[in-house]
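Fold and geometry: a report
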Amino acid sequence: MHRLGLPLALLATASWLLACDDAPEQVDAAEQSPEYVSLRINEIVAKPGSGNDWVELYNAGSSSVSLDRCHLVDSDPEHQPQQLPPVLLEPGAFFVIEAVGSDATPEQLPFKLGATDNLTLSLDGKLHDQLAWNDGDAPDLAAFGRLPDGADNTQTLQPTRSSRNRAWQDPPSLFDQTKVSKVELELYDDGLAQILAEPLAETYHHGAIIYDGYRLDDVQIRVKGNSSLRTVVQMGSTRFSFKVDLNRTLPEQTLNGLKKLNFNNQFRDPSLMREFLAYRIAESLGLIVPRRSYVELWVNGELYGLYLAVEDLDKSFLAQHFVDNDGQLYKPEPPAGKLSWMGSDYAAYEASIGFESRDDEHSALLTLLSALDAADLALLERSLDIDAALGYLAFNTLLVNLDSYLGPGHNYYLYEQDGRFTILLWDLNEAFGNFTCNCQRQQLIDLLIDEPTCAPLSELPLLDVLLAQPAYLERYHALLEAAAQTYLDETLLESWISEVFALISPYVREDPKLLFSFEAFERSIVEDVRDPHQTIIGLLPFARERSLSIQEQLDGMRPRTADGKGSCKLGWSTKPCGDGVCDERERANPALCPADCGP
């Protein structure tokens, strides 16, 4: 006999196969077994959006009940009542049964729930409880059941599998760029204290999220980031970036279909606009980018300030942009993130090119790397979306976004479908020349368009091979010129900046954990701002000067190559990382080599 008490029931996700029985008589068998009076069909989800339909039973009484005396069936006359497993359900506990239809495994029900349906629970072959609903009572992503738990009153509910029922709320509109949403994170128990004591651990903690008043319990929350986290910790600030995993505890739980959300602290940007504007430009160029919007973030009742909420690049994101979301998704990091050939064994890459999917087949990735190594154009065109790659390179060159493939070789994803990869943007908070690669200000403005690299060109085969082909180079130049003329045009960019400034400035003024002053926030739009480590180029000066430099390079008035040495006179390479010495360039760019410059 299995025993389900309240703590275990909250964690239970296993389903049980139910056996057949005769239809119940119309007699309340609980009259002979009073401890069963408060056993109820408590909640159903018929349109989960993802995952399986399910039924939740609840013991609202004061005595334990054995479920193997009970049977369950829906209103379909072809379905037979199904016996429940030998589980002892404790007072106040829940039991969940999944319903998947004809493809059921031995641990699932062989029928699904209808938009209009009626569930009958019998006890010893006699009618015990019923729950009926009509089309519209349990719409997409909603539940239907009793409120409060075990009561006679039924209504549309928030899905709360294996936990207390809550009334339905319309999910909030996510990523509305015309407003600043209020987001509250609640960390249960001593989760926040553990984060404050050891923030670099990036450990998940149990909690809740309230997004514009819409609450989801049983989420997992952790701090996130590399240099954005390390720098904030070194400053003695608690303005951490956060990742919220909505379905890590409850597999079917989403927020408007999203399973993860990122809240970015915009740590080295006094304008608090670089990432937002960069994604907007990339999207306007036709690149695939995550959705994002500003939020006012609170953590355990404390205002943490103005953050940028960014959609995660997971299966939900991929389903929006690709034919299917079952391909391989990789998130490369140095050294494999440079995409240099390191042999035909995936084991040589896996430590720094971890994959997000479950499939252990990596031949497509090895084919892509082999094509780059051999400069095999026919194979490369079969293995890579060339247009997307050229767009990615042109965008990062345009905005001197060196915290990317062009620099350390990270902050991007590779997504494969049918053996062909698309490169995807990620983490643009260092755009507009904020990640220096040890370059001086003028070198950033004049970043060489044909060698827009921190390292020698030979270390970046994606860039080296593509721009060595005249046809690809011509397409890349055309993309770059059009983008510079359009999106670095001061009239357009100033109108975008004015729009964002009007939206966020009241929140910036009240931000208690602001890493720059409000005066620096205002100045950073029209002039450079100095922080302890570097000069941060003003947004409009960057646009004006960078646009001119790109056009003059395209017109032959300035050099656009440096014989393969890359853009900065001092040169820059990630190869010395791991030598145990935190040198000047590594100190200036903490994300470059945490192994040498970690705390």
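Now for a description of the structure that goes with this document. (Residues numbered from 1 in each chain as written. Predicted model: local features only at pLDDT ≥ 70, side-chain atom pairs only at ≥ 80, totals over all residues. Heavy atoms only, no water.)

1. Observations regarding the sheet that holds strand β13 (residues 154-158)
Spatially, β9-β4-β3-β12-β13-β14 is the arrangement adopted by the six strands of the open sheet, whose pairing is antiparallel. Every interior strand has two partners, whereas the edge strands, β9 (94-99) and β14 (166-167), have only one. (Pairing = 2+ DSSP bridges. Helix = DSSP H or I, 4+ residues; strand = E, 2+ residues; numbered from the N terminus.)

2. Concerning the sheet that holds strand β23 (residues 412-417)
Ordered by their spatial adjacency, three strands build an open sheet running β22-β23-β24, and the pairing between neighbours is antiparallel. If you trace the sheet from one side to the other, it starts and ends with β22 (329-330) and β24 (420-425), each paired once. Of the strand pairs in this sheet, β22 and β23 are connected by two bridges, and their pairing is antiparallel. Following the sheet pairing, L329 is matched in β23 by Y415. Running at roughly 20° to β24, helix α8 (residues 386-398) makes contact with β23 and β24 of the sheet. (Contact = heavy atoms within 4.5 Å. Axes fitted to C-alpha atoms, helices over the stretch in contact; angles between N-to-C directions.)

3. Description of the pairing of β9
Burial of β9 is extensive: six of the six residues sit out of reach of the surface. On β9, burial covers both faces: F94, V96 and E98 on one face and F95, I97 and A99 on the other are all buried. Relative to β9, strand β4 (residues 53-59) is paired through six bridges, and the arrangement is antiparallel. Directly across from V55, in β9, lies its bridge partner I97. (Buried < 20%, exposed > 50% of the residue type's maximum accessible area, 1.4 Å probe, protein only.)

4. So, the packing of helix α4 (residues 274-284) against helix α12 (residues 490-509)
Relative to each other, α4 and α12 sit at 135°, their axes nearing to 11 Å. By the angle between their directions, the pair α4 and α12 is classed as oblique. Remark: the crossing between α4 and α12 carries right-handed chirality. Note on element contacts: α12 touches α4 through W496, I497, E499 and V500, opposite F276, L277, R280, I281 and S284. Among the residues forming the contact of α4 with α12, the class breakdown is six nonpolar, one polar and two charged. (Parallel < 35°, antiparallel > 145°, perpendicular 65-115°, else oblique. Left-handed = near helix turned anticlockwise from the far one by under 90°. Nonpolar A, V, L, I, M, F, W, Y, C, P; charged D, E, K, R; others polar.)

5. Points about the pairing of β24
In terms of burial, β24 is largely enclosed, as five of its six residues are buried. Across six bridges, β23 lies against β24 in antiparallel orientation. Bridge pairing in β24 places Y412 opposite L425. A loop of two residues connects β23 with β24, the two strands running antiparallel in sequence, and D418 in this loop sits at a positive phi of about 55°.

6. Remarks on unusual backbone geometry
Glycine aside, negative phi is the norm for most residues, and most peptide bonds take the trans geometry. The residue after L147, namely P148, is reached through a cis peptide bond having omega 0°. Of note, P148 is situated in the loop between β12 (143-146) and β13. Residue P334 is joined to P335 through a cis peptide bond whose omega torsion reads 0°. Tracing the chain through its elements places P335 in the loop between β22 and α6 (363-374). We note that D218 has phi near 55°; this positive angle belongs to a residue other than glycine. In this fold, D218 is placed in strand β17 (residues 214-224). On the basis of relative accessible area, D218 is assigned to the buried category, the value being 16%.

7. With respect to the packing of aromatic side chains
The geometry of two aromatic rings is summed up by the distance between their centres and the angle between their planes. Counted by the stated rule, this structure contains 13 aromatic pairs. Consider the rings of F242 and Y304, whose centres lie 6.0 Å apart with planes at 65°: the pair is edge-to-face. Residue F242 is found in strand β18 (residues 241-245), and its partner Y304 is found in strand β21 (residues 302-311); the two are separated by 62 residues along the sequence. Here Y304 falls in the buried class, since its relative accessible area comes to 1%. A ring pair is formed by Y330 and F421, whose centres lie 6.0 Å apart and whose planes are at 50°; its orientation type is tilted. (Phe/Tyr/Trp six-rings, centres within 6.5 Å; stacked < 30°, edge-to-face > 60°.)

8. Notes on the state of the cysteines
Think of a disulfide as a covalent bridge from one cysteine sulfur atom to another cysteine sulfur atom. Inspection of the entire model under this criterion finds one disulfide. Note on cysteine connectivity: C437 is disulfide-linked to C454, with sulfurs 1.7 Å apart. Taking the torsion about the sulfur-sulfur bond, which here is approximately 65°, the covalent link between C437 and C454 counts as right-handed. A residue pair is termed long-range when its members are at least 10 positions apart, and C437 in the loop between β24 and α9 (441-445) and C454 in the loop between α9 and α10 (461-467) qualify at 17 residues. (Disulfide = S-S within 2.5 Å.)

9. Some remarks on the pattern of salt bridges
Side-chain pairs of opposite charge can arise where the charged atoms are in close proximity. Overall, the coordinates contain 33 salt bridges when judged by the stated rule. Between R40 and D152 there is a salt bridge, with the nearest N and O atoms lying 3.4 Å from each other. Taken together, the residues R40 in strand β3 (residues 39-45) and D152 in the loop between β12 and β13 connect sequence positions 112 residues apart. Residue classification places R40 among the buried residues on the basis of a relative accessible area of 15%. Residue class for D152 comes out exposed when judged on its relative accessible area of 64%. (Salt bridge = Lys/Arg side-chain N within 4 Å of Asp/Glu carboxyl O.)

Note that every value here comes from positions in space, so none of it alone points to a role or purpose.
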